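Inside the fold
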Amino acid sequence: MTHRLDPVPPERLRARQQAAAAPLGSGAMILPAAPVQYRSHDTERPYRADSELFWLTGLTAPGVVAVLRAEAGEPHLTLFVPPRDPKEELWSGPRPDPEAVGEQVGADQLHPTTAMSEVLPKILDESDSVYIRLGGNESLESLVVEALRRSRGRGQRRGTGPRRVVDPGEILDELRLRKDPYEVERIRQAAAITLRGFRALEAELAPGVPEWRLQAVLESVFRGEGGDGPAYPSIVASGSNACVLHYAANDRVAGPGDLVLVDAGAAVGLYAADVTRTYPVSRRFTPEQGAVYEVVDQARHAAVEAIRPGTSIEEVHVAAVTRITEGLVELGLLEGEVEGLVEQEAHKPFFPHQTSHWLGLDVHDVGAYGRAGVSRVLEPGMVLTVEPGLYFGAGAMDAAAEKAGRYAGLGVRLEDDVLVTPDGWENLTGALPTAGWVQPG
Ligand code: GLY
Ligand code: MN
Ligand code: MN
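Now for a description of the structure that goes with this document. As the structure is a prediction and not an experimental result, all values here were calculated from the model. (Residues numbered from 1 in each chain as written. Chains lettered and ligands numbered in written order. Predicted model: local features only at pLDDT ≥ 70, side-chain atom pairs only at ≥ 80, totals over all residues. Heavy atoms only, no water.)

Our focus in this paragraph is the sheet that holds strand β13 (residues 271-272). The antiparallel open sheet is built from three strands, whose spatial order is β9-β12-β13. The strands lining the two open edges of the sheet, one partner per strand, are β9 (229-230) and β13. Note that strand β12 (residues 266-268) and β13 share two bridges and pair antiparallel. Bridge assignment links Val268 to a residue of β13, and that residue is Tyr271. (Pairing = 2+ DSSP bridges. Helix = DSSP H or I, 4+ residues; strand = E, 2+ residues; numbered from the N terminus.)

Taken together, the protein ligands of the manganese ion (ligand 3) are Asp274 (OD), His357 (NE2), Glu387 (OE) and Glu415 (OE), with distances of 2.0 to 2.2 Å. Taken together, the six donor atoms coordinating the manganese ion (ligand 3) and their angles of 50 to 156° define a geometry best described as irregular. In the primary structure, the donors to the manganese ion (ligand 3) are separated according to the pattern D-x82-H-x29-E-x27-E. With relative accessibility at 3%, the residue Asp274 sits in the buried group. The buried category is assigned to His357, whose relative accessible area is 9%. (Donors = N, O, S within 2.8 Å, 3.2 Å for Na, K, Ca; no water. Tetrahedral: all angles 85-135°; square planar, octahedral: opposite > 155°, others 65-115°. Buried < 20%, exposed > 50% of the residue type's maximum accessible area, 1.4 Å probe, protein only.)

Turning next to the coordination of the manganese ion (ligand 2). Angles between donor atoms at a metal ideally measure 109.5 degrees for a four-coordinate tetrahedral arrangement and either 90 or 180 degrees for a six-coordinate octahedral one. Looking at the metal site, the manganese ion (ligand 2) is ligated by Asp263 (OD), Asp263 (OD), Asp274 (OD) and Glu415 (OE), spaced 2.0 to 2.4 Å from it. One way to put it: the six donor atoms around the manganese ion (ligand 2) meet at angles of 57 to 171°, and that makes the site irregular. In this structure the manganese ion (ligand 3) is found 3.2 Å away from the manganese ion (ligand 2), and Asp274 serves as a bridging donor for the pair. Of this pair, Asp263 sits in strand β11 (residues 259-264) while Glu415 sits in the loop between β19 (411-413) and β20 (416-421); the two residues are 152 residues apart in sequence, bridging distant segments of the chain. Judged by its relative accessible area of 4%, Asp263 falls in the buried class.

The next point concerns helix α10 (residues 287-305). A rise of 1.5 Å per residue sets the reference length of α10, with its 19 residues, at 27 Å; its end C-alpha atoms lie 27 Å apart and thus fit the reference within 8%. Within the span of α10, buried status applies to Glu288, Gln289, Gly290, Val292, Tyr293, Val295, Val296, Asp297, Ala299, Arg300, Ala303 and Val304. (Expected span 1.5 Å × (residues − 1).)

With that out of the way, let us pick up the environment of Ala404. Along the polypeptide, Ala404 turns up in the loop between α13 (394-400) and β19. Spatially, the C-alpha atoms of Ala404 and Leu68 are 56 Å apart, while their sequence positions differ by 336 residues. Beyond its immediate chain neighbours, meaning those up to four positions away, Ala404 contacts Leu333, Phe392 and Met397. (Contact = heavy atoms within 4.5 Å.)

If you add up the space inside the largest pocket, you get close to 1,100 Å³. In terms of lining residues, the largest pocket is bounded by 34 residues, among which Leu59, Thr60, Ala61, Pro62 and Pro96 are the most central. Going through the elements one at a time, α3 (86-92), α4 (98-105) and α8 (181-202) are the ones with two or more residues in the lining of the largest pocket. Of the residues in the lining of the largest pocket, the class split is 18 nonpolar, eight polar and eight charged. Computed from the structure, the second largest pocket encloses a volume of approximately 710 Å³. Contributing to the lining of the second largest pocket are 22 residues, with Pro46, Tyr47, Arg48, Ala49 and Leu270 lying nearest its centre. Among the residues making up the lining of the second largest pocket, the classes are represented as 13 nonpolar, four polar and five charged. (1 Å grid on protein atoms, 1.4 Å probe; cavity = no way out; pocket = protein on both sides within 12 Å on 5 of 7 lines; lining within 4 Å. Points joined across faces, edges and corners; volume = space filled by probe spheres on them. Nonpolar A, V, L, I, M, F, W, Y, C, P; charged D, E, K, R; others polar.)

This part takes up the packing of aromatic side chains. Under the definition given, this model contains five aromatic pairs. Three or more aromatic residues joined by ring pairs form one cluster here, namely Phe350, Phe392 and Tyr407. (Phe/Tyr/Trp six-rings, centres within 6.5 Å; stacked < 30°, edge-to-face > 60°.)

Let's shift gears to the sheet that holds strand β14 (residues 275-280). On the basis of which strands lie adjacent, the open sheet formed by three strands has the order β10-β11-β14 and antiparallel pairing. Edge positions in the open sheet fall to β10 (235-238) and β14, since each of these has one partner strand only. For this sheet, the mean inter-axis angle between neighbouring strands, taken without regard to orientation, is 10°. Judged from the four bridges that link them, β10 and β11 form a sheet pairing that is antiparallel. Looking across to β11, one finds that Ile235 is bridged to Asp263. Along the sheet, α8 makes contact with β11 and β14, crossing β14 at roughly 15°. Docked against the sheet, helix α9 (residues 211-224) engages β10 and β11, running at close to 155° with respect to β10. (Axes fitted to C-alpha atoms, helices over the stretch in contact; angles between N-to-C directions.)

In the contact formed by α8 and α9, the axes pass within 8 Å of each other and the chain directions differ by 145°. As α8 packs across α9, the resulting crossing turns out to be right-handed. Across from Ile193, Thr194, Arg196, Gly197, Phe198, Ala200 and Leu201 in α8, the residues of α9 making contact are Leu214, Val217, Leu218, Val221 and Phe222. Across the contact of α8 with α9, the residue classes break down as nine nonpolar, two polar and one charged. (Left-handed = near helix turned anticlockwise from the far one by under 90°.)

The next subject is the nonpolar core. Leu378, Leu390 and Phe392 are the most contacted members of the largest nonpolar core, which totals 104 residues. Among the elements that make up this core, the one with the highest residue count is α8 (nine residues). In this structure, Leu390 is in contact with Val292, Val295, Val296, Ile324, Leu328, Phe350, Leu410, Gly411 and Val412, ignoring residues within four places of it in sequence. Counting 17 residues, the second-largest nonpolar core is a separate cluster that includes Val65, Val67, Phe80 and Leu140. (Core = buried A, V, L, I, M, F, W, Y, C linked by side-chain atoms within 4.5 Å.)

Fair warning: the whole summary comes from geometry, so function is off the table for now.
Structure, rendered in structure tokens:
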């Protein structure tokens, strides 16, 4: 092994380009690389490739622009690649030769980016729609605006040129929603490294442990085991910090008797894992903590068990919500018949988020959750999280008044990453137990 990761296999790229080109008709899809971003004046942030460009081309370098079209039903890829620049390379390292980049990606045409203002207008003039994400790249967008203007100007005479601008997600989101075997393998790797990080963190749990130290232990595994690092800001939330859903300060010391909610995931080759476990820092629950935890774990289990092709993502959520609602009745926080309470969404003050989101190159991955009010039906190859929670922060306390007092400040979430398989599900993170913490007997 000379490198951390193998490149995306060319046959995979070809299959994706084929699938993306098929619905393009006479349109052209323009995907620019993500911009280089800065922090604290002139310090570059670690570069994160654009997910769509990576999915289509496997490229992770800045500066590239890919244009996909369909010619006689086959994908036709034009690539604009920055020319080599010895001055720049002194600082940032050697860039591959543009020819090598073109070959790696299977480009049909290769141009230096300096030729874009000359070549791209010609491509656009032959296209009836332009698939481009607006609001990110002014110089590209100005070429598109010019092409639209030209097209409108001569439209009555020749009827050529673009008249429509469409977001590339219109085509790519659906394709990215069903993961190919290469992608599933990457998510598996991200999940495996994530679980190793959680196991290392578990060894450090003790009253008085700082949140930041637990974060450091996790993230050192995420990178040290060959991952890209964290896929999103790690949440290490002790005590009532667990009620802040995207808490990221990680600057408190866990007190004895606290729960610590840890929501973190490694990325591998840009693919994310997204796992949550909630631990009693002293390895022993109080009766209230144990009771709340049990309900969340059973909701997690019920939701995972509901996953199979043909089930909707809403049904997975309802499976979790039903168990959470039953649990809230058992805990004395809701009163009434479960079915009616589920219908009224009585759980919302305590479980205010959805059970699932898609997972892939983006931690909250692309893909519609429904259309025209109808929930999305699961298909093999989709990957989703299952992450029920119960939180007794200020909002929940208002809702349940003094009844919730004994639970005040508790927050529990448990999150797994689940692959939809032809006959059901595979829990990619299920090897990390949710059970086993001591409950008072
Ligand atoms: N880590 C963010 C989420 O679970 O959605
Ligand atoms: Mn998460
Ligand atoms: Mn999540």
